[in-house]
Amino acid sequence: MEKKSYPSFSSRLGFIMVTAGAAVGLGNIWSFTYVVGSNGGGGFVLIYLLVLLFLATPIFMAELLLGRMGKASPPEALSKLQKQAGSKIPWAVPAWMGLISTIFILSFYAVIAGKVMGYGFEALFGGFGGWNGEQIADLNTSYNGNELLSAFWAGLFLALSVWIVGTGVRSGLERASKIMMPALFAMLLGLAIFAAIEGDFARGFDFLFGFRNVEFSAAIFLEALGLAFFTLSIGVGGIMVYGSYMGDDVSLPSATVWIVIMDLLVAILAGLAIFPLLFGAGLDAGVGPNLVFAAVPQAFAALPGGSVLAFIFFLLLTVAALTSAISLFTPTVQRLVENGWSRRKAAWSMFVPAFGLSILTTLSFGSWNDFYPLAFLGLDGLTFFDLIYKGTNNIVLPLGGLAFALIIGWGLQRDKVRAALSMKSDALFTIWYGLLKYIIPLAIIFLFVKTIWP
Ligand code: PFF
């Protein structure tokens, strides 16, 4: 009975595309280039690839599996599994922590997505085509300085997401994203080709992949881990919800591999497009969260039909951001629906705190850009945005991932996990299970301890 009424994706391709659509978002394009740029490039990318392979991918699979086994919102799913396993530890705690953090993530996500929409609007009215570097820089400065405008677009983005989550349009959008995601990919490829011809490709490539003296510190590893978790949506229950919709005929390991590959490709392609453009324009990689907005318009300025292309690009990026934002709303909405709320009421109830908190990020890019609220605790130089961004990415997501690894490795019976995963190869299962049980928890705990007491 219950199984019938629970939504599920029947086709394997449908599941993979929709989940990849939820994972691919601003993280792959905006965060990836901004965080890689701020951490010196090449060496950091190598660390990113290492943590993606050994830590993030196994946890992605673990989170999907917990969703498939629990078939409910993350807190309910984990409580159910806890009862079945007869454990006294409240497994739902990390899920609740995840739900709270989705509101904080949405708060900055909306500001960046809003800016993407604002830039799209600018392009719609003929912006970017034929512009010079100064005009591009001025737009960035004036946008960030106009806090009302920035708050307006952030609010609009959140309202649009809420509307989609609260009504049935969602499946339509997800269907659309099956076309728009490949389109975004093609657009990034085109940008990368343009950047290779017109930008400073050699320097951009070397920046991304060239090996230079990197500091292999725990803090840098934690930063790369946070970025990998963020781009894959791991640690807050977003992926768990998608796992709960997953049809039993879909192979979980192969879905994981496909989604991780697509997610990584988008990030690498974004890097290959954006860094050559940035260096070609004589800009610096360490500019921070404005990096995409400084680099990408350089290409549209130089291309014939630049305004139209810019409009398409920002539109595609908006859709990618929307499908990711939906996956940030869903775990909490699902939990509230279990309490008898309507989807619409549940979604709007998240709008209020997310929008309220988004003002802090808006101000961090505007008049509070040198206000460091926790400077008295030694966290000098970090704005509200930096604190929310780093707090969620580098602390909450890794802790969520750690909890999921511990639940699979220590909480559940190995045989049950083995059966639910339906992985063909015994050897691969043993490696994955061993990683979750020993290596990943030790690695994450080690990184935290070493970051706090270097
Ligand atoms: N993975 C998304 C991106 O790369 O933009 C961000 C995200 C979505 C993080 C959903 C966490 C989440 F639950």
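Quick notes on the rules
- Residues numbered from 1 in each chain as written.
- Predicted model: local features only at pLDDT ≥ 70, side-chain atom pairs only at ≥ 80, totals over all residues.
- Heavy atoms only, no water.
- Core = buried A, V, L, I, M, F, W, Y, C linked by side-chain atoms within 4.5 Å.
- Buried < 20%, exposed > 50% of the residue type's maximum accessible area, 1.4 Å probe, protein only.
- Helix = DSSP H or I, 4+ residues; strand = E, 2+ residues; numbered from the N terminus.
- Contact = heavy atoms within 4.5 Å.
- Near = heavy atom within 4 Å.
- Polar contact = N/O pair within 3.5 Å; in protein donor to acceptor, adjacent residues only side chain to side chain.
- Areas by Shrake-Rupley, 256 points an atom, 1.4 Å probe, with all protein chains shown as cover.
- Nonpolar A, V, L, I, M, F, W, Y, C, P; charged D, E, K, R; others polar.
- Patch = residues over 30% accessible without salt bridge, like charges linked within 9 Å, V, L, I, M, F, W, Y side chains within 5 Å.
- Salt bridge = Lys/Arg side-chain N within 4 Å of Asp/Glu carboxyl O.
- Axes fitted to C-alpha atoms, helices over the stretch in contact; angles between N-to-C directions.
- Parallel < 35°, antiparallel > 145°, perpendicular 65-115°, else oblique.
- Phe/Tyr/Trp six-rings, centres within 6.5 Å; stacked < 30°, edge-to-face > 60°.

### With respect to the nonpolar core
Piece 1. Formed by 157 residues in total, the largest nonpolar core has its most connected members in Trp30, Ile408 and Trp432.
Piece 2. No other element matches helix 13 (residues 252-280), which puts 16 residues into this core.
Piece 3. If near-sequence neighbours (up to four positions away) are discounted, Ile408 is found in contact with Ala62, Leu65, Leu66, Val417, Trp432, Tyr433 and Leu436.

### Quick look at the site of the ligand
Piece 1. Within the structure, the ligand sits among 14 residues, and Ala23, Gly27, Tyr109, Phe230 and Ser233 are positioned closest to it.
Piece 2. Between an oxygen atom of the ligand and a main-chain N or O atom of Gly27, the distance comes to 2.8 Å.
Piece 3. One of the side-chain N or O atoms of Ser233 is found 2.8 Å from a nitrogen atom in the ligand.
Piece 4. Protein contact buries 100% of the 340 Å² of open area that the ligand shows by itself.
Piece 5. Where the shell around the ligand is concerned, the elements lending two or more residues are helix 3 (26-38), helix 11 (218-232) and helix 15 (306-338).
Piece 6. For the shell around the ligand, a count of residues per class yields six nonpolar, eight polar and no charged.

### Looking at the side chain of Asn39
Piece 1. Counting through the fold element by element, Asn39 comes out in the loop between helix 3 and helix 4 (42-70).
Piece 2. Looking at Asn39, its side chain comes within polar contact range of the main-chain oxygen of Val35, at 2.9 Å.
Piece 3. Leaving out residues up to four positions away in the same chain, Asn39 has contacts with Phe44, Ile220 and Glu223.

### Observations concerning the environment of Leu291
Piece 1. Mapped onto the fold, Leu291 is located in helix 14 (residues 291-302).
Piece 2. Taking C-alpha positions, Leu291 is 9.2 Å from Phe275, a pair spaced 16 residues apart along the chain.
Piece 3. When near neighbours in sequence (up to four residues on either side) are disregarded, Leu291 contacts Thr33, Tyr34, Ile274, Phe275, Leu278 and Ala285.

### Concerning a nonpolar patch on the surface
Piece 1. Nonpolar side chains collect at one region of the surface, where Leu46, Leu50, Leu53, Phe54, Phe211 and Phe216 lie side by side and expose about 610 Å² of accessible area between them.
Piece 2. Relative to the assigned elements, Phe216 resides in the loop between helix 10 (201-209) and helix 11.
Piece 3. By relative accessible area, which is 48% here, Phe216 ends up partly exposed.

### Section: unusual backbone geometry
Piece 1. The phi dihedral of Lys71 falls on the positive side, at around 40°, and the residue is not glycine.
Piece 2. Note on placement: Lys71 falls in the loop between helix 4 and helix 5 (74-85).
Piece 3. Phi is positive for Phe128, which is not a glycine, with a value near 80°.
Piece 4. With respect to the secondary-structure elements, Phe128 resides in the loop between helix 6 (92-124) and helix 7 (133-145).
Piece 5. Overall, Phe128 belongs to the buried group, its relative accessible area being 1%.

### Notes on the environment of Phe15
Piece 1. Within the fold, Phe15 resides in helix 2 (residues 12-23).
Piece 2. Judged by relative accessible area, which is 0%, Phe15 ranks as buried.
Piece 3. C-alpha separation for the pair Phe15 and Tyr242, spaced 227 residues apart in sequence, amounts to 8.3 Å.

### Side note on the pattern of salt bridges
Piece 1. Going through the model one piece at a time under the given rule, you end up with five salt bridges.
Piece 2. When the shortest N-O distance is used, the salt bridge between Asp248 and Arg68 registers 3.9 Å. Here the residue Asp248 occupies a position in the loop between helix 12 (238-245) and helix 13, and Arg68 occupies one in helix 4, the gap between them amounting to 180 residues.
Piece 3. The partner of Asp426 in a salt bridge is Arg418, with the nearest N and O atoms 2.6 Å apart.
Piece 4. Residues joined in a network through salt bridges with shared partners are Glu76, Arg335 and Glu338.

### Quick look at the packing of helix 3 against helix 14
Each pair of packed helices can be described by the angle between their axes along with the distance between the axes.
Piece 1. Between helix 3 and helix 14, the least distance of the axes is 9 Å, while the angle of their chain directions is 105°. Comparing their axes, helix 14 and helix 3 come out roughly perpendicular. Residues Ile29, Trp30, Thr33 and Tyr34 of helix 3 form the contact with helix 14, whose participating residues are Leu291, Val292 and Phe293.
Piece 2. Residue classes in the contact of helix 3 with helix 14 are distributed as six nonpolar, one polar and no charged.

### Remarks on the packing of aromatic side chains
Piece 1. According to the stated counting rule, one finds 41 aromatic pairs in the structure shown.
Piece 2. Judged by centre distance (5.2 Å) and plane angle (65°), the rings of Phe32 and Tyr48 are edge-to-face. A residue pair is termed long-range when its members are at least 10 positions apart, and Phe32 in helix 3 and Tyr48 in helix 4 qualify at 16 residues.
Piece 3. Judged by its relative accessible area of 0%, Phe32 is buried.
Piece 4. A relative accessible area of 1% places Tyr48 in the buried class.

### Describing the side chain of Asn290
Piece 1. Along the chain, the position of Asn290 falls in the loop between helix 13 and helix 14.
Piece 2. Classification of Asn290 by relative accessible area gives buried; the value is 18%.
Piece 3. Polar contacts involving the side chain of Asn290 include one to the side chain of Asn144, which spans 3.3 Å.
Piece 4. With residues near it in sequence (within four places) discarded, Asn290 still touches Lys115, Asn140 and Asn144.

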